[in-house]
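Close look at the chain arrangement
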Amino acid sequence: MSPEGDKKNWVGKPLPRKEENRLLRGRGKFADDIKMREMLYLRFVRSPYAHAKIVSVDVSAAEAVPGVVCTLTGAEVAPQVQPFIEIAPDPGGKIKDYALAVSKVRYQGEPVAAVMAESPGIADDAAELVQVEYEALDPVVDAEEALKDASILHEEAGTNRVWNGVFEYGDVEKALKEAASVVSIDRLHFHRFSSTPLENNVVIAQWNPKDERIYYWCNNSFPSFAIQFLSAHLNVHIDRIRVETSDIGGSFGIKITSYPQMAVCALASKKAGGRPIKWVETRSEHITSSAHGNERTFRDTRVALDKDGVITAIASRHIDDCGAYPRYEPLGCVIWSQVFPGVYRFKNARIDFTQTVTNKCPVGPNRGYSRMQHLWFLERVVDICAHELGIPADEMRLRNYIRPEEFPYTTPNGCVYDSGNYPKMLQVAKGLIGWDDWKKKQAAARKEGHLIGLGIGTTLDSGTNNFGQSQIVNPGAPFSGNSQGANCKLDIYGEVVVAVGSCPQGQGHETTAAQVVADVLNIHPDLITVRTGFDTERNVHTGFSGTYASQFAVSGLSAVHGAAQKLKAEMKRLAAFVLETQEDDIEFGTGAQGPELRAKSTGKSINYWGLANIVNVNSAVLPVEMHDVTLNCRYIWRAPFKVPDKVRKYGNLTLTYASQLHIAVVEIDRDTFIPHILDYVAVDDCGTVINPPIVEGQVYGATAHGIGAALMESCVYDAVGNMLTSTFSDYTPITAVNMPKVKYGHIETPSPHSYSGAKGMGEGGAAPIHTISAALQDALFAEGIIVDDSFNNADSLFRAMVGKEIGQVGKLVKLERRAQ
Amino acid sequence: MAIKFAGEFEVKRNPEEVFGFLTDPNKFAPLLPGFQTMSVQDPTHFTVKVNVGVSYIKGAAEVKMELAQAENPTRAQYKGQGSVAGGGVSLTAGFDLAAADGGTKVAWQGEAQVFGRLTSVAGGLLQPLGKKNVQKLIDGLQAALKGSAGTMPSEAKTAEG
């Protein structure tokens, strides 16, 4: 029997992923793999218009097609349901959002009707026959134009503005007045892009007339959020909604907002007499109509700096474009403030934040949700100031970084950064990329006319939200804190079975949960079964359960750890009774008959089967005082948060802060204007690493996503709201072919806020977007060009360099130096 | 996606004759490129069905037209709205007439807004296609109005708005 010794036998080890065996052999079970008797297939009829009144919807031709069972329209659905819950207070709270457009459409691709048929092909063909008459209205696709309210999307709200609030801390005006220099930046813009999961959205729904329950099999990535919206929308008690997920082929947050489609599928099933309805989203539907990341414009930025280039204050006006319906918004209006000062020390700041609707696809919590836009803004500010003041980018950061000795660091808005060491990350990254050598190469190349830039991006991946921040955007919101559930049990034959309320999409939850339990019970992770997917019937979920916001390593594994500890305590107590010894005489390990507990004093042991047998099928031997032992332990972990101060907008909004520091070397081809990445380094700090290959994989994934976003992926709309990038021909997601070789490094600053020292990670803070913007600016600053947009491809670089249409430093940036 | 077009030509017919031709759906509509059928609801409203295609994407468009302005003999303007290939199109086409050198100078201008997936799938082809079809329409108009007096050369310009 192996001794019960090091509590971290498995946590921290590069254990191969348990999921791999299943997934790489094609044995995964995804939602589209599910086929049910009498299942029907749903096809949406979508609006070609970005903004139009619906004059009429004629489904008669579609319903006449053999094999079509029924259709649904918005007018038919609206009387049966309540509008979806709006998180916003008024005016945003007045918006009425239905799963099918009722009287008007507000973005191209909005579902107007649904056709249910015996086969997907019949549904597709019949959907083409639905006649919708529209009366075009003036579309609004620009956020600043939308705020003029010349054309209003939601008449019931009376304005396109969803939310506005001012986040102000310290004394901004004093800092600006006393500054040695002030840099003004007229406009910066963070572009709209999305995620490209291998598996699109899939919903199977059955509104069962026998028990009046709704059953979902789907790949929504935040089911406990979805059922809260669905229950209120469908007028169904939440316990009557069952949601199951299985393997999910990526989400990146985008699948959180699939609840409208889930509602339509349930209503369609009801109309079809309880037959199951399957909807499988096409790729074009996903690109045009699932969810995009938030687009944000930064106006009238003023930055105060002291004589050493230390930033003392920032004032700015931010306008967020959430598309046609707020849905998960306006949470993004506060979530960015989890990283209010980024990695920097300035104490005085005022951000006037406004969110507006536009005639574009609604946004969803895309990887790095709301924070990446703000972090990109801060990194742009730092680089622009550095260039204006002639301070090297690395030196500028060192002067402004929060210092290692200042952790835990309280930000001006009350967030507590748990740990970090940004100067060390910079040092590691510079070493990995060969910073000094590249600077020499850059200088030599510039003499030959080459445009080479080096860029640094320092960023944060804040994980485990305090949902109390929702009360900052809506004081009446009934959410605060964060929690996660888990169950750990010995099954009847002694198997260790773990269930968690998460729904992983590639993050390796099966593996890391097994590692944690293996350490608690001192057994091999292969002896532990971790139930995959989410299921409301498992009763391990809380209202926050799902997989999002870089939190499983903290919230999920803390719940697993808690449940395993409870199980361990029960096993120890039971074993002490059976082996007639004291609990502190019991040790855990593996013996000749598998995992067992042994009395150190006598050498007698009982294996897991023996313990489970007594509790489950041989319980007459248990004395009454042991009847509370179930070997089936549920644990709810709760984050130690308080409700933030809603008036001051002050409080701790997130539990852990992983950090990333990337460096890129980029060359812009002078003939083609194509930017090429010559070298790339990604350094990560997510505290104590639970499984190094999983962390490394997440870093590569987030880096790929960010490089794609920086150079290749953009949701482009024309002036009337046509999405011009609705296929992979135009929305070009990054692939392995486009990826540079990434040099990976990491440091560990353990978090004091999680039991293992781990910090949530996986979103990556969109570090490549900041980094590539910085490198491009370094390459172009001498040409009088400021990188003012987060998306930079050959076309935009041509427009900046040759057309002089965008990014002209003289128009965008003003430096005011003052005598001291 | 907006496609704007404008141009002018001269014909050896008086403005009243030209106006009468332009405002008669039975004469005007068959000149539309790809014209298939037409149904006239009243003197100012009619629906035309035309074949449209961009490369391999082919289909039929049904466009509801309205003679929105008719100021005899100086101005006629059509407005239309229809559906095509899962998308939509709305258009305006106006003709300003002026007596010139024994005939009529026709100054024409219009704008077509295209909505829907066609703009994504074939967006780059819509400009040249639009220009080609406008040219066809104008050529057809001139030919129909030619009569015995002949026409002046026409010139079409397109520009994206």
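What counts and how
Residues numbered from 1 in each chain as written. Chains lettered and ligands numbered in written order. Predicted model: local features only at pLDDT ≥ 70, side-chain atom pairs only at ≥ 80, totals over all residues. Heavy atoms only, no water. Helix = DSSP H or I, 4+ residues; strand = E, 2+ residues; numbered from the N terminus. Buried < 20%, exposed > 50% of the residue type's maximum accessible area, 1.4 Å probe, protein only. Contact = heavy atoms within 4.5 Å. Core = buried A, V, L, I, M, F, W, Y, C linked by side-chain atoms within 4.5 Å. Buried area = accessible area lost by both parts, 1.4 Å probe. Salt bridge = Lys/Arg side-chain N within 4 Å of Asp/Glu carboxyl O. Polar contact = N/O pair within 3.5 Å; in protein donor to acceptor, adjacent residues only side chain to side chain. Nonpolar A, V, L, I, M, F, W, Y, C, P; charged D, E, K, R; others polar. Phe/Tyr/Trp six-rings, centres within 6.5 Å; stacked < 30°, edge-to-face > 60°. Pairing = 2+ DSSP bridges. Axes fitted to C-alpha atoms, helices over the stretch in contact; angles between N-to-C directions. Parallel < 35°, antiparallel > 145°, perpendicular 65-115°, else oblique. Left-handed = near helix turned anticlockwise from the far one by under 90°. Domains from an automatic or database assignment. Disulfide = S-S within 2.5 Å.

**Examining the overall build of chain B**
Counting secondary structure elements, chain B contains 4 helices and 8 strands. The order of α-helices and β-strands along chain B, N terminus first, is β-α-α-β-β-β-β-β-β-α-α-β. Residue burial in chain B is summarised as follows: out of 161 residues, 43% are buried. Long-range contacts, defined here as pairs at least 24 residues apart, represent 52% of the contacts in chain B between residues at least 6 apart.

**Quick word on the nonpolar core**
Residue and element names in this part refer to chain A. Within the largest apolar cluster, 143 residues are counted, with the highest numbers of intra-cluster contacts made by Leu42, Tyr216 and Leu234. Of all the elements, helix α11 (residues 371–389) adds the most residues to this core, at 11 residues. With near-sequence residues (within four places) excluded, Leu234 lies in contact with Val81, Trp207, Ile214, Tyr216, Ala263, Ala266 and Leu267.

**Remarks on the interface of chain B and chain A**
Facing the 15 residues of chain B at the interface are 17 residues of chain A. Carbon and sulfur atoms supply 45% of the area that chain B and chain A bury against each other, a total of about 1,100 Å² over both sides. For the chain B face of the interface with chain A, the top three residues by lost area are B:Gln81, B:Phe115 and B:Ser120, together amounting to 45%. The interface formed by chain B and chain A holds 1 salt bridge in total. Between B:Lys64 and A:Glu133 there is a salt bridge, with the nearest N and O atoms lying 3.7 Å from each other. Taken together, the connections running from chain B to chain A amount to 4 residue pairs in polar contact (both at pLDDT 80 or more). Looking at the side of chain B that touches chain A, the elements with two or more residues in it are β5 (75–84), β6 (87–100), β7 (103–115) and α3 (117–121) of chain B. Here the residues of the side of chain B that touches chain A are counted per class, giving 4 nonpolar, 9 polar and 2 charged.

**Quick notes on the environment of B:Gly102**
Along the chain, B:Gly102 turns up in the loop between β6 and β7. Spatially, the C-alpha atoms of B:Gly102 and B:Arg13 are 7.5 Å apart, while their sequence positions differ by 89 residues.

**Notes on the packing of aromatic side chains**
Between two aromatic rings, the relevant description is the distance of the centres plus the angle of the planes. One pass over the full model with this rule turns up 35 aromatic pairs over all chains. The interplanar angle of 10° and the centroid separation of 5.5 Å between the aromatic rings of A:Trp336 and A:Phe353 together place this pair among those described as stacked. Taken together, the residues span a long stretch of sequence, with A:Trp336 in the loop between α10 (332–335) and β15 (348–356) and A:Phe353 in strand β15 at a distance of 17 residues. When its relative accessible area of 0% is taken as the criterion, A:Trp336 is described as buried. For the ring pair B:Phe5 and B:Trp108, a centre distance of 6.4 Å and an interplane angle of 40° mean the geometry is tilted. Here B:Trp108 lies in strand β7 and B:Phe5 lies in strand β1 (residues 2–11), a separation of 103 residues in the sequence. Residue classification places B:Phe5 among the buried positions, given a relative accessible area of 15%. By relative accessible area, B:Trp108 is classed as buried at 3%.

**A short note on the sheet that holds strand β2 (residues 52–58) of chain A**
Residues and elements named next belong to chain A. Spatially, 3 strands are ordered β4-β2-β6 in an open sheet, and the strand pairing comes out antiparallel. Each edge of the open sheet carries a strand with a single partner, namely β4 (104–105) and β6 (131–136). Where β2 and β4 come together, 2 bridges link them in antiparallel fashion. Looking across to β4, one finds that Lys53 is bridged to Lys104.

**Some remarks on the pattern of salt bridges**
Residues and elements named next belong to chain B. Summed over the entire model, instances satisfying the criterion amount to 51 salt bridges over all chains. The salt bridge partner of Asp101 is Lys12, with a shortest N-O separation of 3.8 Å. Taken as a pair, Asp101 in the loop between β6 and β7 and Lys12 in the loop between β1 and α1 (15–22) lie far apart in primary sequence, 89 residues in all. Residue Asp101 is classed as exposed on the basis of its relative accessible area of 65%. Assessed through its relative accessible area of 34%, Lys12 is described here as partly exposed.

**A few points about the packing of helix α19 (residues 692–711) of chain A against helix α20 (residues 767–780) of chain A**
Residue and element names in this part refer to chain A. Two numbers describe how α19 lies on α20: the axes approach to 7 Å, and their chain directions differ by 45°. With respect to α20, the element α19 is oriented oblique. The handedness of the crossing between α19 and α20 is right-handed. Facing α19, whose interface residues are Ala702, Thr703, Gly706, Ile707, Ala709, Ala710 and Leu711, α20 presents Pro768, Ile769 and Ile772.

**Description of the domain arrangement of chain A**
Residue and element names in this part refer to chain A. As assigned here, chain A comprises domain 1 (20–28 + 483–568 + 607–638), domain 2 (35–137 + 200–289) and domain 3 (163–194 + 291–468 + 644–817). Here the C-alpha centroids of domain 1 and domain 2 sit 34 Å apart. At the junction of the two partners, domain 1 supplies 21 residues and domain 2 supplies 21 residues. Summed over both sides, the interface between domain 1 and domain 2 buries roughly 1,400 Å², with carbon and sulfur atoms accounting for 49% of that surface.

**Here we look at the sheet that holds strand β18 (residues 451–465) of chain A**
All names here are of chain A. The strand order across the open sheet formed by 4 strands is β18-β26-β27-β28, and the pairing between neighbours is mixed. Looking along the sheet, the strands with just one partner apiece sit at the ends: β18 and β28 (743–746). The average angle at which neighbouring strand axes cross in this sheet is 20°, direction not considered. Where strand β26 (residues 654–668) meets strand β27 (residues 675–685), 10 bridges bridge the pair, whose relative direction is antiparallel. Residue pairing across strands places Glu667 opposite His676, the latter belonging to β27. Against the sheet, helix α14 (residues 435–447) engages β18, β26 and β27, with an angle of about 140° to β18.

**Description of the state of the cysteines**
Residues and elements named next belong to chain A. Per the stated rule, a full pass over the model turns up 0 disulfides over all chains. Residue Cys322 stays outside any disulfide, its sulfur separated by 7.5 Å from that of Cys333, the closest cysteine. Summary of cysteine pairing: Cys633 is not part of a disulfide, and the nearest cysteine sulfur, belonging to Cys488, is at 7.3 Å. With relative accessibility at 2%, the residue Cys633 sits in the buried group.

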